[in-house]
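Examining the three-dimensional arrangement
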Amino acid sequence: MSITWNSIWETHPDVFIVREWKEYPEDKKRASRLPLQYAYFMGGETTLRVGIIASATMNREEEFLLAGLLWGHRLSNGTKTVIYYVAPDFSTSFLTALSKVGGIIDARAVYWREKLMPSLYPIPEKQLFSRVRYPMGEDRPNWKRWGESLNPVARQQLVTVNNFFSQLADRRVRTVVKNQTINIYWGNYEIAEVRKKGKKFELNSKVKWLKSSEQMQKWQKQGWVDASGSLNPEFSATILEILDYLESLQKAGQLRFHDHLALMLHNGDGALKMLWGSPWAWPWLPKDRSETAVLELEEWFYFQGNGQLSVVCPIFDKSLLRAARSILLASVLERSLLLVSAKDDQGNILVWDGRVHWLTTPGKEEELRRSYSWLSDVSRFPIWTLPEDWQENGIDALNCQSNHFSQSLVQKGYL
């Protein structure tokens, strides 16, 4: 669909603080590395730059948010700049994210309604700062609740399965309970699955991550509880062999970067425990398909300690895009009820301080820091970097790159 945006601006002069907009041409968009799917306009004077980013659809909000910030940065060159986001609709999290934009850039949102007259509707700033929280997600079931729909024999057998994997917690085995399955992990590697089948369940090992089809076939085993109330020895032995294999990969330094880090973050030892406390399992599932943010937030890492809940977001590629996405997801946490009643393992209330800790590598830190020029409160997104040798020597020398920290916590005596 071709839209003559300039004619729309001309018929709504009262919406914007300047007139006589100039469109940024395609070749310059490419040269400036701006996403090509949006329309960009510029106006204003030397002391005040003004820009518009417009989209006829809203598919990926993080890309739209970042594109507008990049456009504002391109226009600004150190001068106060106002950016108008124009789109058919905005989510609550997007509007909340705009309220976090500050410094030299001021962001404003304008609804565009193609078939209405007038077709542009500025969103009042008080709506951006609304404190009304909305419900989202549903409680993740535990093993007991998950088994309530099973027949009595299967429920008792499920207890045996639970006991087996619980005994492997010291080998860093963890479980993730979903509506139809219970998935068993070692770090990022899924090693087993319990799946509902009517009033019963099926138990199988899971080794899809293996490259060797021969090894995969060898370790693809079904589990069951025999008449004595024990798991069949073949399945139990296979799970232990899989763990031995994965642990040998870690010892030999053969785990992939992301998998190795996830294992350490899920385990929460060393500096992580001293700094943020013990790992806290994400307790939510999406109620419907529209709640994709609930699944995306599950990919972050959470820690509980001294009554506080700490939120850690790893960022190792596409730094600026992932930073923009994290600002949107932080807005979901801030505006929804997801963390309002968070509790620790003893049932005590945990309080989230509103910060999202960006965890990255020294090579990505400077790129990530560019986001600070767009944020009104950079303390909400402290940057932490892994030590260069973390894969060999662990992450006890975790560094905070925020202005009030420059050395590792270990060196400064905090840990």
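Here the structure is a predicted model, which means the values were calculated and not measured.

Scoring rules and cut-offs
- The residue numbering used here restarts from 1 in each chain and proceeds along that chain's sequence as written.
- Since the coordinates come from a predicted model, pLDDT governs what is reported: local features require at least 70, and pairs of side-chain atoms require 80 or more to be given and counted, while whole-chain, interface and lining totals use all residues.
- Here the side-chain values reflect all heavy atoms present in the structure, with hydrogen atoms and water set aside.
- Only DSSP runs of H or I covering at least 4 residues are called helices, and only runs of E covering at least 2 are called strands; the numbering of each starts at the N terminus.
- Note on exposure labels: buried denotes an accessible area under 20% of the residue type's maximum, exposed denotes more than 50%, and partly exposed covers the range between, all computed with a 1.4 Å probe on protein chains only.
- Note on contacts: a residue pair qualifies if any of its non-hydrogen atoms lie within 4.5 Å across the two residues.
- Only the protein chains shown count as cover for residues, with accessible areas throughout obtained via the Shrake-Rupley method and a probe of 1.4 Å.
- Here, nonpolar core refers to any group of buried Ala, Val, Leu, Ile, Met, Phe, Trp, Tyr and Cys residues whose side-chain atoms link them within 4.5 Å.
- The source of the domain bounds is an automatic or database domain assignment.
- Criterion for a disulfide: a pair of cysteine sulfur atoms at a distance within 2.5 Å.
- Geometry is summarised by axes, namely lines fitted to C-alpha atoms with helices restricted to the contacting stretch, and by angles between N-to-C directions that run from 0 to 180 degrees.
- For classification purposes, angles smaller than 35 degrees are called roughly parallel, those larger than 145 roughly antiparallel, those between 65 and 115 roughly perpendicular, and all remaining angles oblique.
- Crossings are sorted by hand: turned counterclockwise from the far helix by less than a right angle, the near helix makes the crossing left-handed, and turned clockwise it makes it right-handed.
- Each residue is assigned to one of three groups, with Ala, Val, Leu, Ile, Met, Phe, Trp, Tyr, Cys and Pro labelled nonpolar, Asp, Glu, Lys and Arg labelled charged, and all others, Gly among them, labelled polar.

With respect to the overall build of the chain
Within the chain, the regular secondary structure consists of 16 helices and 19 strands. Dimensions of the chain, computed from C-alpha atoms along their principal axes, come out at roughly 80 × 55 × 45 Å. Going through the 415 residues of the chain one by one, you find that 49% of them count as buried. Long-range pairs, those at least 24 residues apart, make up 63% of the contacts in the chain between residues at least 6 apart in sequence. For the chain, the accessible area works out to roughly 21000 Å², and carbon and sulfur atoms hold 48% of it.

Regarding the nonpolar core
Judged by nonpolar contacts, the single largest core of 63 residues is most densely connected at Tyr85, Phe90, Trp282 and Trp358. Elements with a contribution of two residues or more to this core: α3 (61-76), β4 (81-87), α4 (92-99), β5 (105-112), α12 (292-298), β16 (308-314), α13 (319-335) and β17 (351-360). Each of two domains, domain 1 (5-126) and domain 3 (282-411), supplies a minimum of three residues to this core. Membership of the second largest hydrophobic core comes to 33 residues, among which are Val173, Leu203, Val207 and Ile242.

Some points on the state of the cysteines
Counted according to the given criterion, the structure contains zero disulfides. Lacking any disulfide linkage, Cys313 is separated from the closest cysteine sulfur, that of Cys400, by 15 Å. The class of Cys313 is buried, set by a relative accessible area of 4%.

Side note on the packing of α3 against α4
In the contact formed by α3 and α4, the axes pass within 11 Å of each other and the chain directions differ by 25°. Taken as axis vectors, α3 and α4 run roughly parallel relative to one another. In terms of crossing hand, the pair formed by α3 and α4 is right-handed. Residue-level contacts link Glu61, Phe64 and Leu65 of α3 to Ser93, Phe94, Ala97 and Leu98 of α4. Of the residues contributing to the contact of α3 with α4, the split by class is five nonpolar, one polar and one charged.

Shape descriptors only; they carry no functional weight alone.
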